[in-house]
Each structure stands twice: as C-alpha cells, then as structure tokens.
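Breakdown of the fold
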Amino acid sequence: MGKRFDLLVFDWDGTLLDSTGAIVDAVKASCRDLGLPEPPDAHARQAIGLGLADALRHSVPHLAEERFPEIVERYRHHYLSRDHELHLFDGATEMIAELHSAGFLLAVATGKSRMGLDRSMSHCGLELYFSATRCADECYSKPHPQMLDELMAEFGVPPERTLMIGDTTHDLQMAINAGVAGLAVTYGAHPARALDALSPLARLPDIDELAGWLRTHA
C-alpha cells in the first residue's frame, strides 16, 4: 500500500521536545521578575506554539507595550537556564529515524526562533533527519499558513500530500488555513477537547501511538 503523505511537518515544543513545563515555568518566573501576577498554568499553556512575542502578549495581556522587551529578556533568561536539561519525548528519536528511512520528507514548523530551534535540534541530534524547518522569527506566527505554504513550495508537495503534526490548536488551525490535514497529540500543551474541536485525522496520547498511526496510516 502506497504512502498517503509525502511531507510530514512536525511542531517542536510539546510534540517532539518535552518542554511544555519549562515554557510555563519561564513565563511565570518572568512575571515574578517584573512584579506582575502569574498567569494560571492553563492560560500560559494555551499560548505555547505561538511566536514568543505573541505568546507573551497572550499570557500577560495587560502589560504595557513598552515593557514587552523586559519580559522577553526575562523569559529568555529563565528558559535558557534550563534549555540544556530538555530532552525529546521517549521514542521520538526512533520514530523520526524510522520515518526518515521510510522515505518521508520531514520538516519542522515551530514557534521557536531560528537560533533556539537550531540549538535544540543540535542538542537532540535530530538535525540530519529534517529536510527543512521554519521558525516564528522568519515567518508569520501560527496559525498563519506561511510556514506550511513555504515548506510545500520548497519541495513541490501539494496540500493533499502534506500532514501537520502538533500538540496545539495553533498547529491544527495552521493546517486548516493551509489546506492540509492535521494530526493531534495530547501529551503536550493543549487539552484533548480543544484539539478535537478542530477535527484532526486522529488524536494520539503518546509517542508510541503516534508512531504506530504514522506507520499504518501515513
């Protein structure tokens, strides 16, 4: 049976990298540094997947615009202090290697900066498996479709042969906006009910289930 998809596009944080807790902690610590109320965890998690500036605006909506450089600096300080501790979800490396060997084109579309993604991919040892990546500081932030549009154009793959895999509604809405199928995972940032509302092809609870679905359905 032939492959349904040629291009598999993965989100990074919360989908391949186990970083959701570190992101939430960095947002809350940044607020403490600036003497601001800490957002509830669920509110901070909702912004994961957006570009950093958009995510912080969502998490701290009442902060004056002129103070955003301060909170961005504090966020980077706190997140980078733990960056070296973060690892891929168990089984992610094996899944990506298997998909690469099976002949899929693999790409990443992320809310991280280019510097942040390159550092993280190098640390995790996955950079050789991915043919292309797009980041929030070189494209419009999710859910704008630019990242997916550019990746499809780069490889000449049409929307019906492209699959977006992510843990947030921003990932799934980006897929809808680009006219591509979306696949959801629930071990990351956003709850199952919110993901289901955007009608992904499936919703998987862990990396093993994700790998199995991709092995048999992609």
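Each remark here, short or long, concerns the structure printed above.
Here we summarise the structure given alongside this text. (Residues numbered from 1 in each chain as written. Predicted model: local features only at pLDDT ≥ 70, side-chain atom pairs only at ≥ 80, totals over all residues. Heavy atoms only, no water.)

**Looking at the sheet that holds strand β6 (residues 203-204)**
Spatial strand order, β3-β2-β1-β4-β5-β6: 6 strands in an open sheet with parallel pairing. Taken across any chain shown, the strands that pair with only one partner, and hence form the sheet edges, are β3 (132-134) and β6. Lying over the sheet, helix α8 (residues 169-178) contacts β2 (105-109), β4 (162-166) and β5 (181-185), oriented at roughly 170° with respect to β5. (Pairing = 2+ DSSP bridges. Helix = DSSP H or I, 4+ residues; strand = E, 2+ residues; numbered from the N terminus. Contact = heavy atoms within 4.5 Å. Axes fitted to C-alpha atoms, helices over the stretch in contact; angles between N-to-C directions.)

**Thoughts on helix α1 (residues 20-33)**
Taking 1.5 Å of rise per residue, the 14 residues of α1 would be expected to cover 20 Å, and the 20 Å separating its terminal C-alpha atoms lies within 8% of that figure. Among the 14 residues of α1, 10 are classified as buried, and the element is accordingly described as predominantly covered. Within α1 the residues assigned to the buried category are T20, A22, I23, V24, A26, V27, K28, A29, S30 and C31. Considering only its buried residues, α1 is in contact with α2 (41-46), α3 (52-59) and α4 (68-83). Backbone geometry just downstream of α1 places G35 in the positive-phi region, at approximately 70°. (Expected span 1.5 Å × (residues − 1). Buried < 20%, exposed > 50% of the residue type's maximum accessible area, 1.4 Å probe, protein only.)

**Examining the environment of I207**
Relative to the helices and strands, I207 resides in helix α10 (residues 207-217). Take I207: its relative accessible area is 6%, and that puts it in the buried class. Remark: the alpha-carbon pair of I207 and A53, spanning 154 residues in sequence, is separated by 29 Å. Residues in contact with I207, not counting those within four places in the same chain, are T15, F89, D90, G91, A92, M95 and Y187.

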